[in-house]
Amino acid sequence: MLDTLSDLRGSLAGEVIGPEDPAYDRARRCFNALVDRRPAVIARCVSTRDVATAFDYARANDLEVAVRGGGHNPAGHCVADDALVIDLSLLRAVAVDADERVAHAGGGATWLDFDSATQAHGLVTPGGVVGSTGVAGLTLGGGIGHLTAQHGLTCDNLVGAEVVTPDGSVVEAGDDGELLWALRGGGGNFGVATRLDFRLHELDGVIGGKLTYTGEGVREALRHFREVVARSPRELSCQAGLSLGETGEPALWIAPCYTGSDAEELESLRAAPGLVEDGVQAQTFFAQQNLFDSPYGVDRNYWKGHFVRELPDELIDELIERIGALGRPPGGLLIESLHGAPKDAEDSSGVVGFRRAAFNVSAMATWQDARFDDEHIQWARETAAAIEPWSLRGGGYVNYMQADEPVERVRATFGDEAFERLQALKRRYDPDNVLRRNQNIPPN
Ligand SMILES: Cc1cc2nc3c(=O)[nH]c(=O)nc-3n(C[C@H](O)[C@H](O)[C@H](O)COP(=O)(O)OP(=O)(O)OC[C@H]3O[C@@H](n4cnc5c(N)ncnc54)[C@H](O)[C@@H]3O)c2cc1C
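Residues numbered from 1 in each chain as written. Predicted model: local features only at pLDDT ≥ 70, side-chain atom pairs only at ≥ 80, totals over all residues. Heavy atoms only, no water.

## Description of the sheet that holds strand E2 (residues 41-44)
What the 4 strands build is an open sheet, ordered E1-E2-E4-E3; its pairing is mixed. Pairing within the sheet leaves two strands with one partner each, and these edge strands are strand E1 (15-17) and strand E3 (65-68). Across the sheet, the mean angle separating the axes of adjacent strands is 20° when strand polarity is ignored. Here 4 bridges tie E2 to strand E4 (residues 84-87), and the two strands are oriented parallel to one another. Of the residues in E4, the one forming a bridge with arginine 44 is aspartate 87. Relative to the sheet, helix H3 (residues 48-60) contacts E2, E3 and E4, its axis offset from that of E4 by approximately 175°. (Pairing = 2+ DSSP bridges. Helix = DSSP H or I, 4+ residues; strand = E, 2+ residues; numbered from the N terminus. Axes fitted to C-alpha atoms, helices over the stretch in contact; angles between N-to-C directions. Contact = heavy atoms within 4.5 Å.)

## A short note on helix H11 (residues 313-325)
Here H11 spans 18 Å end to end across 13 residues, near enough to the 18 Å set by a 1.5 Å rise per residue. Among the residues making up H11, those that are buried are Leu315, Ile316, Leu319, Ile320, Arg322 and Ile323. Looking straight down H11, one finds that the buried residues subtend no more than 160° of arc, so they occupy a single side. With respect to the buried face of H11, the exposed residues turned more than 90 degrees away are Glu314 and Glu321. Following H11 by one or two positions, glycine 327 has its phi on the positive side, about 90°. (Expected span 1.5 Å × (residues − 1). Buried < 20%, exposed > 50% of the residue type's maximum accessible area, 1.4 Å probe, protein only. Arc of directions from axis to C-beta.)

## Some points on the site of the ligand
Taken together, the neighbourhood of the ligand is formed by 35 residues, with Gly69, Gly71, Gly134, Ile144 and Tyr397 sitting nearest. Note that an oxygen atom of the ligand is positioned 2.9 Å from one of the backbone N or O atoms of valine 129. Examining the composition of the shell around the ligand, we find that 4 residues originate from one element, helix H5 (residues 135-141), more than from any other. Among the residues forming the shell around the ligand, the class breakdown is 16 nonpolar, 17 polar and 2 charged. (Near = heavy atom within 4 Å. Polar contact = N/O pair within 3.5 Å; in protein donor to acceptor, adjacent residues only side chain to side chain. Nonpolar A, V, L, I, M, F, W, Y, C, P; charged D, E, K, R; others polar.)

## Looking at the pattern of salt bridges
Scanning all chains against the criterion turns up 36 salt bridges. Note that arginine 231 is salt-bridged to glutamate 265, the shortest N-O span being 3.2 Å. A residue pair is termed long-range when its members are at least 10 positions apart, and arginine 231 in helix H8 (residues 217-231) and glutamate 265 in helix H9 (residues 264-270) qualify at 34 residues. Here aspartate 430 ties to lysine 426 by a salt bridge, and the two come within 2.8 Å at their closest N and O atoms. Residues joined in a network through salt bridges with shared partners are Glu220, Arg223, Arg226, Glu227 and Asp313. (Salt bridge = Lys/Arg side-chain N within 4 Å of Asp/Glu carboxyl O.)

## Regarding the nonpolar core
Membership of the largest hydrophobic core comes to 41 residues, with the highest contact counts inside it found for Phe225, Leu242, Leu252, Leu319 and Ile335. Examining the composition of this core, we find that 6 residues originate from one element, H8, more than from any other. Membership of the second largest hydrophobic core comes to 38 residues, among which are Leu180, Leu196, Leu200 and Phe414. (Core = buried A, V, L, I, M, F, W, Y, C linked by side-chain atoms within 4.5 Å.)

## Describing the side chain of aspartate 156
Take aspartate 156: it is sitting in the loop between helix H6 (148-151) and strand E8 (158-164). Dropping the residues within four chain positions of it, aspartate 156 is found in contact with Arg199, Pro342, Ala345 and Arg355.

## Observations regarding the layout of surface pockets
For the second largest pocket, the calculated volume is near 420 Å³. Considering the residues around the second largest pocket, the lining is formed by 18 residues, among which Arg68, Gly70, Ser89, Arg92 and Tyr296 are closest to the centre. Classifying every residue of the lining of the second largest pocket by side-chain character gives 4 nonpolar, 8 polar and 6 charged. (1 Å grid on protein atoms, 1.4 Å probe; cavity = no way out; pocket = protein on both sides within 12 Å on 5 of 7 lines; lining within 4 Å. Points joined across faces, edges and corners; volume = space filled by probe spheres on them.)

Read these as spatial facts, not as claims about activity.
Here you go:
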């Protein structure tokens, strides 16, 4: 019987944290400080059996379930009031088979855990750009980062997974092609991944860092970025961002990550007008992965955006106007290029619905003072509305979506046919929609 918290404590090999425990406040915190929720219990699982036990306890006590990997999802789906949290932060080991070029990551591993294990062998998988982000959460939503052009989306490199479904069954996604297809972009809808297997690639170092442009040059430099990525070889991944300086003038950063031997395109980026800071140099992949470190649980965040078909001058003008409308730093607009390897993968290899887009353009409002909540949320919503005319098909990036996005937006992200295929799989693995604290695929 699993009726009380002490029953759960007696049954779980991992830790059980309740509201009275000193660790509770830290354990319920997520990256987005806008999210402040008090779960009934946090079950830190260390095995598939623990996860099945946690599901049993939630069922016996009629508790909602939230699943926590790295706690980064801006929607705060990793924690819910009065719920049971299946917390995977003790399942962080990453085992590398260097001969087979495969890594097996625990369901709660972060990118810092992953890169540390794989780079020890000079190997890598294209992951997220911030070390504390969860490997599982990021992969299940797609995964865009510093090596996207070279090796594709993170989920393109997912070759297997061990998944515990809400009825306690353990499924190997490698044995179920349909489940693997769904895990490549369909989010945490089908079960709790306790292990994820990734293909690895050789990587010694990169030429990377950040280029910063200000003043009148910003518009021209952004056009230049567009031209470079449009013709660039797959050795160059590139992201860009618009922000505001302390005096309120727009600034542009471009973060190339180059792994080839002829850095001509980098020179071309350097030649763009308005360059005020050049931090691009030969460096380790770790240094590149430290470029965007952001503090955990400090800032309030509200993100909204679109995958766009193209980045024409009109959209660039719109983005520069919208960054001006932000009024004060921090916060900004992120422009992630999807050129290169994502375009090589077959559409049928995974459900992820955005690989044909040219860029992912996201309004990222970030602030600290709760008095400015409405203002910043409105800015992000208005900015996404301004980008929408160029949207691939109206959907957004599930990894950046807030909890207030309607199911129609999730459907648009995948397209009708794929969404219905996901629903069929949901009926098979989670017919009661136990896993609904996510960018949800309802079973019906
Ligand atoms: C600072 C920051 C940087 C980011 N950088 C990138 C980036 O470079 N590229 C990119 O593509 N995205 C990036 N993201 C977005 C990020 O990929 C998503 O928010 C992702 O959901 C975070 O995963 P997590 O495990 O850390 O989050 P959590 O909030 O713990 O989990 C999010 C959801 O993922 C699911 N989930 C997590 N773990 C598991 C599991 N083991 N099994 C089943 N379901 C699980 C659950 O549904 C859960 O609700 C970033 C986000 C932040 C805040």
